[in-house]
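# Breakdown of the fold
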Amino acid sequence: TESINGTAAVKTADFQAHRIYDWLRPDDSLAVREARLDLDANVRLEGPGRLNAVIEGRASAVTLSRRQHETRLSIDRLRADLNLSSERLAVEVHECVTAEPRAAIGLSLVVDQQARPRIDVRLRGRVDAGGARQAALALLPESRDVNGVFEILRGGEIPAIQIGLRGDAWNELVALTNLRI
């Protein structure tokens, strides 16, 4: 059979990514209400079912909500790699600098059909505690652990934080047994 190989450069301005998220995950408890992105992506196809991309960009407005609670983000700078095959998705965000809330973070997301747990998310970086508090309480209002942490930590700068989430389904990621701070 013939392979599909090639490269492409894609540039978007004011790309409304929330529409794709709504289409892919219409019943998700985490909703992306708005996601306006300016992105540059260099995409490489490496045969059937394999795609690699290097992505750089910014997001002037991202609004997330869960159970009627909402939080907003503004991303000044984003640099990431994406690897996709029929069995695995790996996203490595090397740099994400946000203005709202003020933060500099990295992220690793792996969804692997062969692994257990199937989904692994790792977040690391430094953040403004007040902004992180607002976002965490909006997205995880039922979490006693998150509420307990932010009952004590109300403001200031968190110079280093690591968060890990693991589960076999997306809805398992918010279960306390799958969350490590």
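Report on the accompanying structure. Fair warning: this is a prediction, and the values are worked out from it, not measured in the lab.

Let us now look at the overall build of the protein. Along its length, the protein carries 3 helices and 9 strands. Principal-axis analysis of the C-alpha atoms places the extent of the protein at approximately 60 × 35 × 30 Å. When each of the 181 residues of the protein is scored for burial, the buried share is 34%. Counting only contacts in the protein whose residues sit at least 6 apart along the sequence, the fraction spanning at least 24 positions is 49%. In the structure as shown, the protein presents an accessible area of about 11,100 Å², 53% of it carried by carbon and sulfur atoms. Each charge class in the protein can be summarised by its mean position, and for the 25 positive and 26 negative side chains these summaries are 3 Å apart.

Counting 23 residues, the largest nonpolar core has L109 and I119 as its most contacted members. Counting only elements with at least two residues in this core, the list comes to β2 (30-46), β3 (51-66), β4 (69-84), β5 (88-100), β6 (102-112) and β7 (119-128). Apart from the residues lying within four places of it in its own chain, the contact partners of L109 are L89, A90, V91, I119, D120, V121 and W170. In this structure, A103, A129, V146 and F150 belong to the second largest nonpolar core, which totals 10 residues.

With that settled, consider the pairing of β4. Both β3 and β4 contribute to a ladder of 13 bridges, which runs antiparallel. What sits directly across from N52, in β4, is N83. In this antiparallel pair of consecutive strands, β3 and β4, the connection spans 2 residues, and R67 shows a positive phi of 50°. With 10 bridges joining them, β4 and β5 adopt antiparallel strand pairing.

Relative to the helices and strands, D120 is located in strand β7. Of note is the side chain of D120, whose polar atom sits 3.1 Å from the side chain of R122. Those residues in contact with D120 that lie beyond four places of it in its chain are S108, L109, V110, L165 and R166.

Relative to each other, helix α2 (residues 129-139) and helix α3 (residues 144-152) sit at 155°, their axes nearing to 10 Å. With respect to each other, α2 and α3 are oriented roughly antiparallel. Judged by the sense of rotation from one axis to the other, the crossing of α2 with α3 is left-handed. Facing α2, whose interface residues are A129, A132, R133, A136 and L137, α3 presents V146, N147 and F150.

All right, on to α2 then. Among all positions in α2, only A129, G131, A132, A135, A136, A138 and L139 are buried. Taken together, the buried residues of α2 touch β2, β3, β4, β7, α3 and β8 (157-167).

Let us look at the pattern of salt bridges. Here the idea is simple: oppositely charged side chains can pair when their charged atoms come close. Under the criterion given, the structure shown has 19 salt bridges. E92 is the salt-bridge partner of R124, the closest N and O atoms lying 2.9 Å from each other. You can see R124 sitting in strand β7 and its partner E92 sitting in strand β5, a full 32 residues away along the chain. Judged by its relative accessible area of 32%, R124 is partly exposed.

Turning our attention to unusual backbone geometry. Each neighbour pair has its own omega, and for E100 with P101 the value is -15°, a cis peptide bond. Position of P101 among the secondary structure elements: in the loop between β5 and β6. A cis amide bond links R116 to the next residue, P117, at an omega of -5°. Mapped onto the elements of the fold, P117 is located in the loop between β6 and β7. Located in the positive-phi region is D14, a residue other than glycine, with phi close to 55°. Relative to the helices and strands, D14 is located in strand β1 (residues 5-16). Relative accessible area serves as the criterion here: at 40%, D14 is assigned to the partly exposed category. The backbone of Q68 shows a phi angle near 70°, a positive value even though the residue is not glycine. Using a relative accessible area of 79% as the deciding quantity, one classes Q68 as exposed.

The rules behind the values
Throughout this description, residue numbers start from 1 for each chain and increase along the sequence as written. In view of the model being predicted, local features appear only for residues whose pLDDT reaches at least 70, and side-chain atom pairs are presented and counted only at 80 or more, with totals across whole chains, interfaces and linings using the full set of residues. To get the side-chain values, all heavy atoms of the structure are used, and hydrogens and water are removed first. Strands here mean DSSP runs of E at least two residues long; helices mean DSSP runs of H or I at least four residues long; both are numbered from the N terminus. Remark: exposure states derive from per-residue accessible area (1.4 Å probe, protein chains only) relative to the maximum for the residue type, with buried under 20%, exposed over 50%, and partly exposed in between. The contact rule is simple, with two residues in contact once any of their heavy atoms fall within 4.5 Å. All accessible areas in this document rest on Shrake-Rupley with a 1.4 Å probe, and a residue is counted as covered only by the protein chains that are shown. His residues and chain termini do not enter the charge count, which takes Lys and Arg as positive and Asp and Glu as negative. Taken as the charge centre is NZ of Lys, CZ of Arg, CG of Asp or CD of Glu, depending on the residue. Nine residue types can take part in a nonpolar core, namely buried Ala, Val, Leu, Ile, Met, Phe, Trp, Tyr and Cys, and a core is a set of them joined through side-chain atoms within 4.5 Å. For two strands to be treated as a pair, DSSP must find no fewer than two bridges joining them. Identification of polar contacts relies on pairs of N or O atoms within 3.5 Å, with a donor-acceptor requirement for protein atoms, meaning one able to donate a hydrogen and the other able to accept it, and with residues adjacent in sequence counted only if both atoms are side-chain atoms. Note on geometry: axes are lines fitted to C-alpha atoms, helical ones only across the stretch in contact, with angles between N-to-C directions running from 0 to 180 degrees. Angular relationships are summarised with four words: roughly parallel below 35 degrees, roughly antiparallel beyond 145, roughly perpendicular across 65 to 115, and oblique for the angles in between. With the far helix as reference, a near helix turned anticlockwise by less than a right angle produces a left-handed crossing, and one turned clockwise produces a right-handed crossing. By convention in these notes, a salt bridge is any Lys or Arg side-chain nitrogen within 4 Å of a carboxyl oxygen on Asp or Glu.

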